[in-house]
Amino acid sequence: MVRKHLVRKHLVRKRVAILISGRGSNMMALIEAAKDERYPAEIVLVISSDPAAEGLKHAAAANIRTEVVEHRMFGRDREAFERALQHELDQLGVELICLAGFMRLLTPWFVRQWEGRLLNIHPALLPAFKGLNTHARALAEGVKKHGATVHFVVPEMDSGPIIAQSAVPILNSDTEATLAARVLEAEHQIYPWALRQVAEGRVKIEGEHCLIDGRPVTTKNS
Ligand code: GRF
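As the structure is a prediction and not an experimental result, all values here were calculated from the model.

Q: So what exactly am I meant to see when it comes to unusual backbone geometry here?
A: Comment: phi is negative for the bulk of residues other than glycine, and the bulk of peptide bonds are trans. For the peptide bond that leads from leucine 126 to proline 127, omega is 15 degrees, which places it in the cis range. By the element assignment, proline 127 lies in the loop between strand E5 (118-122) and helix H5 (134-141). Positive phi, normally seen in glycine, also occurs at aspartate 158, with a value near 55 degrees. By the secondary structure assignment, aspartate 158 is in the loop between strand E6 (145-152) and strand E7 (162-169). The exposure class of aspartate 158 is buried, given its relative accessible area of 11%. Phi at aspartate 213 takes a positive value of approximately 50 degrees, unusual for a residue other than glycine. A residue is classified by how much of its surface remains accessible, and aspartate 213, at 38% relative accessible area, is partly exposed.

Okay, structure coming up:
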């Protein structure tokens, strides 16, 4: 008699760390997406640069391992801080990193060793409004569209090949808070989507740009 063996195909999920410094709502959007075992990435670690970051509690409540690597402990020695980060990442065999409200600038040393495996989300339609206070600046400039961008990190701040963008309208009645809330909703959609594309190996970096399944990135309108 021929015995049939059932061979189950297991999805090999990419091991992801999320780096935070604060509230952690994007981190939670990624954690929620990865609860589905068909999602191609699992969140194995959350590291905060600030022991008081609210996101740490949310990650722990979701049973995700958390670590604090406090930048203050390293004074001005940014590479020493990053070596401590790297140590935590190595311990858990992390394959991809998502920055999610991580308020430290990373050195070229760190960025280069994670090239093509280090993602960031920025609350603006890059290359517009790099840096801080993006919502106030968008309102002050009177632009009609704003949004969020997920991109690969390169040594230059808020630059690097764009993986996903989502645009939102700016309404005449908007305040900084209402605009921030609309953008944040878009962020929570595109970050899990972008990580999925990367984890599934669909994203190819060609020079300054990404191709997804061989096609250029398009901005979504929400
Ligand atoms: C988000 O607006 C993100 O785009 C920016 O920092 C903020 C972090 O928010 N990089 P949260 O901690 O994810 O809630």
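Let us keep going from here.
Q: Help me out: how do you make sense of the sheet that holds strand E11 (residues 219-221) in this one?
A: Across a sheet, paired strands are connected by hydrogen bonds in the backbone, their directions being either parallel or antiparallel. Taken in spatial order, the eight strands make up an open sheet running E3-E2-E1-E4-E5-E6-E7-E11, and their pairing is mixed. Here the strands that pair on one side only, and so sit at the sheet edges, are strand E3 (66-68) and E11. The sheet shows a mean angle of 20 degrees between the axes of neighbouring strands, taken without regard to direction. Relative to strand E4 (residues 96-99), strand E1 (residues 14-20) is paired through four bridges, and the arrangement is parallel. Within E4, the residue paired with alanine 17 across the bridge is isoleucine 97. The strands that helix H1 (residues 25-34) touches are E1, strand E2 (41-48), E4 and E5; relative to E2, the one it contacts most, it runs at about 155 degrees. The sheet contacts of helix H6 (residues 176-199) involve E1, E2, E4, E5, E6, E7 and E11, and relative to E7 the element is tilted by about 155 degrees.

Rules behind the numbers
- For every chain, the first residue of the written sequence is number 1, and numbering continues from 1 along that sequence.
- Under the rules for a predicted model, residues below a pLDDT of 70 receive no local features and side-chain atom pairs below 80 are neither given nor counted, while totals for whole chains, interfaces and linings still include all residues.
- The side-chain values count all of the structure's non-hydrogen atoms but skip hydrogen atoms and water molecules.
- Secondary structure elements follow DSSP: runs of H or I of four or more residues count as helices, runs of E of two or more count as strands, with numbering from the N terminus.
- Any residue under 20% of the maximum accessible area for its type is buried, any over 50% is exposed, and the rest in between are partly exposed; the area is computed with a 1.4 Å probe on protein chains only.
- A pair of strands counts as paired when DSSP detects no fewer than two bridges linking them.
- The axes used here are C-alpha line fits, helices contributing only the stretch in contact, and every angle between their N-to-C directions lies in the interval 0 to 180 degrees.
- Any two residues whose heavy atoms approach within 4.5 Å at even a single point are treated as in contact.

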